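# Breakdown of the fold
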Amino acid sequence: STLVTAGVYLLIRFNMMLVDMFFFKFLLLLSGLTMFMAGISANYEFDLKKIIALSTLSQLGLMMSILSMGMPDLAFFHLLTHAMFKALLFMCAGVVIHMMNDIQDIRYMGGISFYIPLTSLCLNISNLALCGLPFLAGFYSKDLILEMVSMSNLNLMIFFLYYFSTGLTMFYTIRLLFYLMINDYNLMVIYNLYDEDYIMVKSMFMLLFMSLVAGSFLSWMIFSYPYMIYLPLNLKMMVIYVMLFGLLMGYLVSNMKIYSINKFLMTYNLSNF
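Residues numbered from 1 in each chain as written. Predicted model: local features only at pLDDT ≥ 70, side-chain atom pairs only at ≥ 80, totals over all residues. Heavy atoms only, no water.

In the nomenclature of an unreviewed UniProt entry, the protein is known as NADH-ubiquinone oxidoreductase chain 5 of Papilio bianor. Quoted verbatim from the Catalytic activity (unreviewed entry) field of UniProt, the annotation for the protein is "a ubiquinone + NADH + 5 H(+)(in) = a ubiquinol + NAD(+) + 4 H(+)(out)". Annotation of the protein in UniProt includes, under Function (unreviewed entry), the sentence "Core subunit of the mitochondrial membrane respiratory chain NADH dehydrogenase (Complex I) that is believed to belong to the minimal assembly required for catalysis. Complex I functions in the transfer of electrons from NADH to the respiratory chain. The immediate electron acceptor for the enzyme is believed to be ubiquinone." (UniProt positions renumbered as here; feature names shortened; annotations may be inferred.)

Here it is, written out as structure tokens:
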């Protein structure tokens, strides 16, 4: 959580020096495209760690873009909340990979929640916090960021990139959930699933508590005065709308049978950056 976000933190520190430069307009475009690209690439990926790493890249694009719109406090807030649930996500993925005898391919996994229920609970809750499910940690920062984007006078492309990337986050989360939790266990040859690692579970529960309460706690602590946000109802509910749309699309794509999956993979070359 330190190494990846070091550049974001550096730009937050030097924000006063860089503000109102042309560089920031360029950075806004670049980081918006980064969010978009990482979200699309995560949908075609079969490697558990790669999916989580690409989702981290997408969140970093979100931080950078809100930073280049001149709101470093929001970027820092999102950096902190994202650190909570992403650390938890990486810990859970590590436990799962170790349990699967170092297999990272999610096509081999399935029915994980039957064998390691507590780890799966932490994995799912942190994934939903990443999506911005209301009243988890990620919701407070992500919702605030997207509402500030809706209020600022930017063009339609930036708006589309933000909201589509948020929908894509929900998309690959549901896909991951289907591959890991819903299907049957696919690796019947190597069948040495053990019970939970309770040393890991203690640390995971601390992080889980933080991913539940850190959003409201930090938003109460960081912002001395609240942001005045005045939006029409549909624009205010837009985050919830794209989440539900991503949920639906992820469910439909995960439910496809083999012929349809091949049709889905026909668009793979578009995403093969």
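### As for the nonpolar core
Formed by 35 residues in total, the largest nonpolar core has its most connected members in Leu48, Met109, Ile112 and Leu180. Breaking this core down by element, the ones donating at least two residues are helix H3 (22–43), helix H4 (48–68), helix H5 (72–99), helix H7 (117–131), helix H9 (156–182) and helix H10 (198–222). Filtering out sequence-adjacent residues up to four positions away, isoleucine 112 remains in contact with Val96, Met99, Met100, Ser120 and Leu180. Met64, Met71, Phe77 and Val149 belong to the second-largest nonpolar core, a separate cluster that totals 34 residues. (Core = buried A, V, L, I, M, F, W, Y, C linked by side-chain atoms within 4.5 Å. Buried < 20%, exposed > 50% of the residue type's maximum accessible area, 1.4 Å probe, protein only. Helix = DSSP H or I, 4+ residues; strand = E, 2+ residues; numbered from the N terminus. Contact = heavy atoms within 4.5 Å.)

### What to know about the packing of aromatic side chains
Counted by the stated rule, this structure contains 14 aromatic pairs. A ring pair is formed by tyrosine 9 and phenylalanine 76, whose centres lie 6.3 Å apart and whose planes are at 40°; its orientation type is tilted. Within this pair, whereas tyrosine 9 is found in helix H1 (residues 6–13), its partner phenylalanine 76 is found in helix H5, the two being separated by 67 residues in sequence. Consider the rings of phenylalanine 160 and phenylalanine 164, whose centres lie 5.1 Å apart with planes at 20°: the pair is stacked. In this pair, phenylalanine 160 and phenylalanine 164 both sit in helix H9, four residues apart, roughly one turn of the helix. In textbook terms, an aromatic cluster arises when at least three aromatic residues are bridged by ring pairs, as seen for Phe36, Phe160 and Phe164. Against the face of phenylalanine 46 rests arginine 107, its NZ or CZ located 3.9 Å from the ring centre. (Phe/Tyr/Trp six-rings, centres within 6.5 Å; stacked < 30°, edge-to-face > 60°. Lys NZ or Arg CZ within 6 Å of the ring centre and 35° of its normal.)

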